[in-house]
Amino acid sequence: MARGLADMFDGARLRQARAAAEDGRGISAEALARRIDATKAQVLAYENGLVRPDPRRIRALAQALGVKPLQLSDPSGAQAWTLADLRRAHGLRAEDVSKALGLSLRTFRRLEKEGIVPAHKFNLVSELAELFAITASEVEEHLCRAPLLSQRLDEVREPLACLLSFYLQPKNLDKPDPGDDEIVALAGLYRRSPLTVARIVGHEIARLRGMRRRQAGFEAAASYGATAEEQAKGQAAAQAEGRKIREVIDSLPQNLDTFFRCMLPLDAWRAIALFHALRPLGGWLSAGQLNATTEQLTMIPAQMLERRTTGKDAAKAEYRISEQGAKHCAAYRPWYDACYPAVQAFVQVNERALSGHMQQSDLHDLLAQSEAVLFSFDGLLCRLFGRNLQAVSERLLSGAQSLQLVLPPQTPTDPVGMLRALVRHGTPGQINQLDRLLTQFETEAARYVTPLPGVSQLLRALADSSRRLAVVTDHASDAVNIFLERLPTDIPPGRIAVFGRPDDPELMKPNPHGLARATAALKAPHARVLLIGESIADALAAQTAGIPFVGIAATTRQARMLRDAGASRTVASVRTITAVVKEQQAGA
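Residues numbered from 1 in each chain as written. Predicted model: local features only at pLDDT ≥ 70, side-chain atom pairs only at ≥ 80, totals over all residues. Heavy atoms only, no water.

Draft legend 1. How the structure looks around the pattern of salt bridges. Summed over the entire model, instances satisfying the criterion amount to 32 salt bridges. Among the salt bridges present, the one from R109 reaches E112, with a minimum N-O distance of 4.0 Å. Note that R109 and E112 are positioned in helix α7 (residues 105-114) at a spacing of three residues, about one turn of the helix. Ionic pairing is found between E371 and R468, a salt bridge with its closest N-O pair at 3.3 Å. (Salt bridge = Lys/Arg side-chain N within 4 Å of Asp/Glu carboxyl O. Helix = DSSP H or I, 4+ residues; strand = E, 2+ residues; numbered from the N terminus.)

Shown next as structure tokens:
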């Protein structure tokens, strides 16, 4: 059969369409033949399956009958269609599609045969989806059935195996170089630059090194575990990790191929990555808010971005990432980070700017009217238990069990939350003993914990002002005092008052008890007290106490959580507050 004839064409469907034409009156084979400039014998040959029409003739038949070309094909085999089959079923020649997509005929032929999307046509899958009125995922499925795809992927495996064998040797910490022969070979097979291929393969090599380290750890436990059970667990874990390593290596050629068919250029990835980072806020953004042009946003494939217009001005469009766009970002972000390393920093900077944080002018006014500033402790000034959080929680849980406390079904995993949850499940004596045990853990941790970035500078700057300062926390006062004494600053002792965990744990935040104590002791009106914190409990306690609150939210997720709790004033870090305080001091 000559190239270009449609194997999926169904003569029976043509006969049915001819019988249903003209509003059900039907037309004769002879009349249909005249409409398409053919003979009656040719039409009957099509209907009886003796001859397959070429794409141009399929389109002519469909137009003459008032149906879509696809309706003249048998859909039962569509699951096995290649892109060429899909094109022919739509009555299109390769020349027709290449012209519609702005491709050379040679490039389009390569796409159909090998499944290769040229780098400069990164939006091609979306354009094909629109042309054939199907989803981008369905286009991908057709491309994956390209006749020469499996042969090309087999050719990929040899240079890829050589690279992995060399760079995964023990003590070899080098990265693939764009000039490596194998990288150049892979770049030619994927039709991508050697630099891009080297960066992605380098990322996968680093990932595999980490997996092999974990496997070695499991193998050590299998050989030297203290008990037979530990050795068995180690052996099972080592085998499972080995299977994961093989899966990563085996799937890498196909995964690279899939990625290169949808890989976005730098500007498009920068925009979509920012949309993805801001997704937890759930809002719509304009091109101006993103510091992007409309042209840059139109580079993003249509299925990855949702668009809406606001008001009567159709030019005022807003955008947000779609579910498919979010999946793309989640699946390929590590490879994009490897290819476009500067984008990560760009997203972090702009994420803070677009997270809905308060203006510095508003923060300036809030600080200017404050006579006292209160701080939460754990999570704001330090991470008290840091990496030992789980161990401390387990020790406290063990202590609760030894005290024969009845544990609620959903006991929090953080130590303070655990104490709060157990208050109503034990006697005052039991809770008092558990409180003392937690205090012991807290004071131990306070002797070694370091302040979070920017904290020392903030406390120093505020200590130089006339404001009264205090820490209000659900942790033990002794632990906070130990922490403050160890700060690398020359803040005078006692300059920062401490209001720690109340004797009755039921009065912990979000109960406003601690804030009321601090406000009364500092002798400041509620409206002139400012609480700086980072938790929902802080925000709720401040609202109940009638005290202004500023939340520290380093991520959009934290910002949204605080906003959902009613905290409308947030900043990205304590450094923002420090900068405003120093500005006020300089202008005083």
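Draft legend 2. Here's a closer look at the sheet that holds strand β3 (residues 317-321). Taken in spatial order, the three strands of this open sheet run β1-β3-β2, and their pairing is antiparallel. Either end of the sheet is taken by a strand with one partner, and the two such strands are β1 (285-286) and β2 (305-309). Judged from the five bridges that link them, β2 and β3 form a sheet pairing that is antiparallel. Residue pairing across strands places R307 opposite Y319, the latter belonging to β3. In this fold helix α14 (residues 266-277) packs onto β1, β2 and β3, with an angle of close to 75° to the strand it touches most, β3. (Pairing = 2+ DSSP bridges. Contact = heavy atoms within 4.5 Å. Axes fitted to C-alpha atoms, helices over the stretch in contact; angles between N-to-C directions.)

Draft legend 3. Main features of the packing of aromatic side chains. Here the structure, examined in full by the defined rule, presents 10 aromatic pairs. Centroid distance F166 to Y167: 4.9 Å. Interplanar angle 85°. Geometry classified as edge-to-face. Looking at F166, the relative accessible area reads 43%, which means it is partly exposed. Note on F259 and W335: the rings are 5.3 Å apart at their centroids and 75° apart in plane angle, and the pair reads as edge-to-face. Placement of the pair is F259 in helix α13 (residues 228-262) and W335 in helix α16 (residues 323-339), with a sequence separation of 76 residues. On the accessibility criterion, F259 (0% relative accessible area) is buried. On the basis of relative accessible area, W335 is assigned to the buried category, the value being 9%. Chaining the aromatic ring pairs together yields one cluster made of Y190, F259, F260, W269, Y332, W335, Y336 and Y340. One Lys or Arg, R270, reaches over the ring of F346 and ends 5.3 Å from the middle of that ring. (Phe/Tyr/Trp six-rings, centres within 6.5 Å; stacked < 30°, edge-to-face > 60°. Buried < 20%, exposed > 50% of the residue type's maximum accessible area, 1.4 Å probe, protein only. Lys NZ or Arg CZ within 6 Å of the ring centre and 35° of its normal.)

Draft legend 4. A look at the packing of helix α12 (residues 194-224) against α16. With their axes 8 Å apart at the nearest point, α12 and α16 run at an angle of 125° to one another. Taken together, the axes of α12 and α16 lie oblique to each other. Handedness of the crossing formed by α12 with α16: right-handed. Contacts from T196, R199, I200, H203 and E204 in α12 reach P334, W335, A338 and C339 in α16. (Parallel < 35°, antiparallel > 145°, perpendicular 65-115°, else oblique. Left-handed = near helix turned anticlockwise from the far one by under 90°.)

Draft legend 5. Spotlight on the sheet that holds strand β8 (residues 549-552). One open sheet holds the six strands; their spatial order is β6-β5-β4-β7-β8-β9, and the pairing between them is parallel. Of all strands in the sheet, those bounded by a partner on one side alone are β6 (496-499) and β9 (570-571). Two strands pair when backbone bridges link them, and strand β7 (residues 529-533) and β8 are joined in this way by three bridges, in the parallel orientation. Within the sheet, the bridge partner assigned to L531 lies in β8 and is F549. Against the sheet, helix α27 (residues 574-587) engages β7, β8 and β9, with an angle of about 130° to β8.

Draft legend 6. Fine view of the pairing of β6. Bridging between strand β5 (residues 468-472) and β6 involves four bridges; their strand directions are parallel. In the strand pairing of β6, V472 is matched with F499.

Draft legend 7. Focus on the layout of surface pockets. Estimated volume of the second largest pocket: approximately 510 Å³. Around the second largest pocket, the lining comprises 22 residues; the ones closest to its centre are D378, D414, H475, E534 and S535. Among the elements of the structure, α20 (415-422) and α25 (536-545) are those that each provide at least two residues to the lining of the second largest pocket. Broken down by element, the residue count for the lining of the second largest pocket peaks at four residues, all from α20. Residue classes in the lining of the second largest pocket are distributed as seven nonpolar, seven polar and eight charged. (1 Å grid on protein atoms, 1.4 Å probe; cavity = no way out; pocket = protein on both sides within 12 Å on 5 of 7 lines; lining within 4 Å. Points joined across faces, edges and corners; volume = space filled by probe spheres on them. Nonpolar A, V, L, I, M, F, W, Y, C, P; charged D, E, K, R; others polar.)

Draft legend 8. Looking closely at α27. Taking 1.5 Å of rise per residue, 14 residues should cover 20 Å, and α27 covers 20 Å from first to last C-alpha, within 8% of that figure. As for α27, its buried residues are in contact with α18 (360-368), α22 (455-463), β7, β8 and β9. (Expected span 1.5 Å × (residues − 1).)

Draft legend 9. Broad picture of the environment of A368. Residue placement: A368 occurs in helix α18. You can call A368 exposed: its relative accessible area is 52%. Residues A368 and L252, 116 residues apart in the sequence, show an inter-C-alpha distance of 58 Å. Discounting residues that sit within four places of it in the chain, A368 has contacts with R467 and Q584.

Draft legend 10. Spatial organisation of the side chain of S465. With respect to the element layout, S465 can be found in the loop between α22 and β5. Given a relative accessible area of 18%, S465 falls into the buried group. Setting aside anything within four residues of it in sequence, one finds S465 in contact with R495 and Q585.

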